[in-house]
Amino acid sequence: MHLSSVKDKTATAHRADIAALNYKMDSEPSFLRTLFSLILVSSLLDSVLSEVDACPDTKTGLESLLPSTMSIQNASIESVYGIMFDAGSTGTRIHIYSFTQKYSDQLPELEREIFESVKPGLSAYADLPEQGAETIRGLLEVAKNAVPSSHWRKTPVVLKATAGLRLLPEKKALALLSEVKDILEESPFLVPDNSVSIMNGTYEGILAWITVNFLTGQLYSQSKQTVGILDLGGASTQITFLPQSEETLEQSPLDFITSFKMFHTTYKLYTHSYLGLGLKAARLATLGALGTGAVDKQVFRSSCLPRNMESMWQFGGVSYRYGGIENGESGFKSCYAEVLRVVAGKLHRVDEMKESTFYAFSYYYDRAADTNLIVCDHMEGFTSSSPFLCMDLSYITALLKEGFGFKMTTPLQLTKKVNNVETGWSLGATFLVLQSLRISN
Ligand SMILES: Nc1ccn([C@@H]2O[C@H](COP(=O)(O)OP(=O)(O)O)[C@@H](O)[C@H]2O)c(=O)n1
Ligand SMILES: [Ca+2]
């Protein structure tokens, strides 16, 4: 895979700040080393990279979404605000967006995003719904400071939960959502119908695709050379792209192809969310602990962990004991065999995916950015703060290579933000809310 790391810059940037660092992998262990040490190097060389215009054709400045005659600031145009909560399996985040829209037949222009987050996510409060909902209250204060009070009543606030709540028993998930709804209703913001819900995985992928293609200017461009997205969450993972070939449409299960209308255009997208293949769910699957609940005293072991390690780990409100295999196997080869079992036969692929460009974010980005050592074959050096590094990186490699079937030459761009705006489904979801309330086109 060719990897590029995308650096975010100001919203007025006129040129693409995409630094492409291409290289070829030869074997898995060196791939893993090169891949993740490369990302470290890219973050250290931030200032240098921002000067590199490796993809001069890609416009990422928000101004580039509008013709130059329309990007002149007009003080008489009022800002419109939208508040979106992303209740993910590992944390809850608030995104407060402000937009202007000068002409009703044009895309809205994103002025700014304010972002804040808390950990753990709502699903960690499965048995304490009131306490879980309290985490929302603090984030709402951020919104009150960000949105002028004259706009509070007309600014919609919506919370969408993803895989963490999808995996909880329905009763517990509904109790959490009901407490959250009460807190939103106490706020001064506009609370639309169905403002608190568990989002369907299909939407998660489509809305992230809308976000990334909006931010990279593809939705405005006539050529619509869109990019695909790969989102790796804690509990689920999504892939979405706009198929160009008839074969893809023919070879895909019906529920992988969805037509979606936004900004007066209908997009027929390939999208799927794999529940249970998020990074943290994959840890449980690798350890053989998925679906076991809290098993007292049982230690789940893996060759992806340092031999002498034994510790506790919490996910979704459940604690698990885990450790390495003392006097047993350890290192990349055996670890890779373990994670391969987690992805084997679980993912649908089409040939076109290998030829497309994908933006990969969330854990694809975070775990790469965390990496500052050669992993797997040097686990003795692991600190207790990152015991899962070898397992996670091996899983990401297996998922991309053996799961989705990406070739060495498939370009993947690791992103956290584009133009200082978070990648992910929240911005697309906010467009949908504004559209349904007829606040935007
Ligand atoms: N705005 C956001 C939201 C999540 N993330 C990343 O997404 C990963 C966790 O995914 P998640 O908690 O949303 O899990 P899911 O509910 O999507 O499975 C972590 O790597 C987060 O840092 C992000 O980078 N930016
Ligand atoms: Ca997510």
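Please read these numbers as outputs of a predicted model, since none were measured by experiment.

Re the overall build of the protein
No. 1: Summing up its helical and strand segments, the protein has 13 helices and 18 strands in all.
No. 2: Taking the contacts inside the protein whose residues are at least 6 apart along the sequence as the reference set, 73% of them involve residues at least 24 apart.
No. 3: Of the roughly 18,900 Å² of accessible surface on the protein, 49% is carried by carbon and sulfur atoms.

Some points on the site of ligand 1
No. 1: Around ligand 1, a shell composed of 20 residues is seen, among which Thr-90, Thr-162, Asp-366, Lys-416 and Glu-422 lie nearest.
No. 2: Note that an oxygen atom of ligand 1 is positioned 3.2 Å from one of the backbone N or O atoms of Ser-236.
No. 3: About the coverage of ligand 1: the protein hides 90% of its 530 Å² of free accessible area.
No. 4: At the level of secondary structure, the elements contributing two or more residues to the shell around ligand 1 comprise strand S4 (92–100) and helix H11 (363–370).
No. 5: In the shell around ligand 1, the residues fall into four nonpolar, ten polar and six charged.

Describing the UniProt feature "active site" (unreviewed entry) in the protein
No. 1: Those places that UniProt annotates as "active site" (unreviewed entry) correspond, in this numbering, to Glu-204.
No. 2: By relative accessible area, which is 5% here, Glu-204 ends up buried.
No. 3: With residues near it in sequence (within four places) discarded, Glu-204 still touches Thr-162, Arg-166, Met-199, Ser-236, Gln-238, Ser-273 and Trp-425.
No. 4: Polar contacts involving the side chain of Glu-204 include one to the side chain of Arg-166, which spans 2.6 Å.

What to know about the pairing of strand S15 (residues 358–362)
No. 1: Along S15, four of the five residues are buried, which leaves the element largely enclosed by surrounding structure.
No. 2: Where strand S8 (residues 228–232) meets S15, five bridges bridge the pair, whose relative direction is parallel. Counted as the bridge partner of Ile-229 is Tyr-359 from S15.

Let's talk about the state of the cysteines
No. 1: Per the stated rule, a full pass over the model turns up one disulfide.
No. 2: Across a sulfur-sulfur distance of 2.1 Å, Cys-304 and Cys-335 are joined as a disulfide pair. The sign of the S-S torsion, about 100 degrees, decides the handedness of the disulfide formed by Cys-304 and Cys-335: right-handed. Taken together, the positions of Cys-304 in the loop between strand S12 (299–301) and strand S13 (310–315) and Cys-335 in helix H9 (residues 332–343) put the pair 31 residues apart, joining distant regions of the chain.
No. 3: By relative accessible area, which is 0% here, Cys-335 ends up buried.

Here's the deal with the packing of H9 against helix H12 (residues 389–403)
No. 1: Between H9 and H12, whose axes approach to 9 Å, the crossing angle comes to 55 degrees. The angle between H9 and H12 places the two elements in the oblique class. For H9 against H12, the interelement crossing comes out right-handed. Each of Phe-332, Cys-335, Tyr-336, Val-339, Leu-340, Val-342 and Val-343 in H9 lies in contact with H12, whose residues at this interface are Cys-390, Met-391, Ser-394, Tyr-395, Thr-397, Ala-398, Leu-399, Lys-401, Glu-402 and Gly-403.

A short note on the pattern of salt bridges
No. 1: One pass over the full model with this rule turns up 16 salt bridges.
No. 2: Between Glu-186 and Arg-137 there is a salt bridge, with its nearest N and O atoms 3.0 Å apart. Here the residue Glu-186 occupies a position in helix H5 (residues 170–186), and Arg-137 occupies one in helix H3 (residues 129–146), the gap between them amounting to 49 residues.
No. 3: Given the relative accessible area of 55%, Glu-186 is considered exposed.
No. 4: Judged by its relative accessible area of 33%, Arg-137 falls in the partly exposed class.
No. 5: With a shortest N-O distance of 3.7 Å, Glu-402 and Lys-401 are connected by a salt bridge.
No. 6: For Glu-402, a relative accessible area of 32% corresponds to the partly exposed category.

Overview of the UniProt feature "binding site: ATP" (unreviewed entry) in the protein
No. 1: In the numbering used here, UniProt assigns the "binding site: ATP" (unreviewed entry) feature to Gly-234, Ala-235, Ser-236, Thr-237 and Gln-238.
No. 2: By the secondary structure assignment, Ser-236 is in strand S9 (residues 236–241).
No. 3: Residue Ser-236 is classed as buried on the basis of its relative accessible area, which comes to 3%.
No. 4: Discounting chain neighbours no more than four positions away, the residues touching Ser-236 are Ala-163, Arg-166, Glu-204, Asp-231, Ser-273, Tyr-274, Leu-275, Gly-276, Leu-277 and Gly-278.
No. 5: In this structure, Thr-237 sits in strand S9.
No. 6: Overall, the relative accessible area of 0% leaves Thr-237 in the buried class.
No. 7: In this view, Thr-237 contacts Asp-231, Leu-232, His-272, Ser-273, Tyr-274, Leu-277, Gly-278, Tyr-364 and Leu-399; residues no more than four positions away in its chain are not counted.
No. 8: Of the polar contacts made by the side chain of Thr-237, one reaches the backbone oxygen of Asp-231; its length is 2.7 Å.

Quick notes on the rules
Residues numbered from 1 in each chain as written. Chains lettered and ligands numbered in written order. Predicted model: local features only at pLDDT ≥ 70, side-chain atom pairs only at ≥ 80, totals over all residues. Heavy atoms only, no water. Helix = DSSP H or I, 4+ residues; strand = E, 2+ residues; numbered from the N terminus. Contact = heavy atoms within 4.5 Å. Areas by Shrake-Rupley, 256 points an atom, 1.4 Å probe, with all protein chains shown as cover. Near = heavy atom within 4 Å. Polar contact = N/O pair within 3.5 Å; in protein donor to acceptor, adjacent residues only side chain to side chain. Nonpolar A, V, L, I, M, F, W, Y, C, P; charged D, E, K, R; others polar. UniProt positions renumbered as here; feature names shortened; annotations may be inferred. Buried < 20%, exposed > 50% of the residue type's maximum accessible area, 1.4 Å probe, protein only. Pairing = 2+ DSSP bridges. Disulfide = S-S within 2.5 Å. Axes fitted to C-alpha atoms, helices over the stretch in contact; angles between N-to-C directions. Parallel < 35°, antiparallel > 145°, perpendicular 65-115°, else oblique. Left-handed = near helix turned anticlockwise from the far one by under 90°. Salt bridge = Lys/Arg side-chain N within 4 Å of Asp/Glu carboxyl O.

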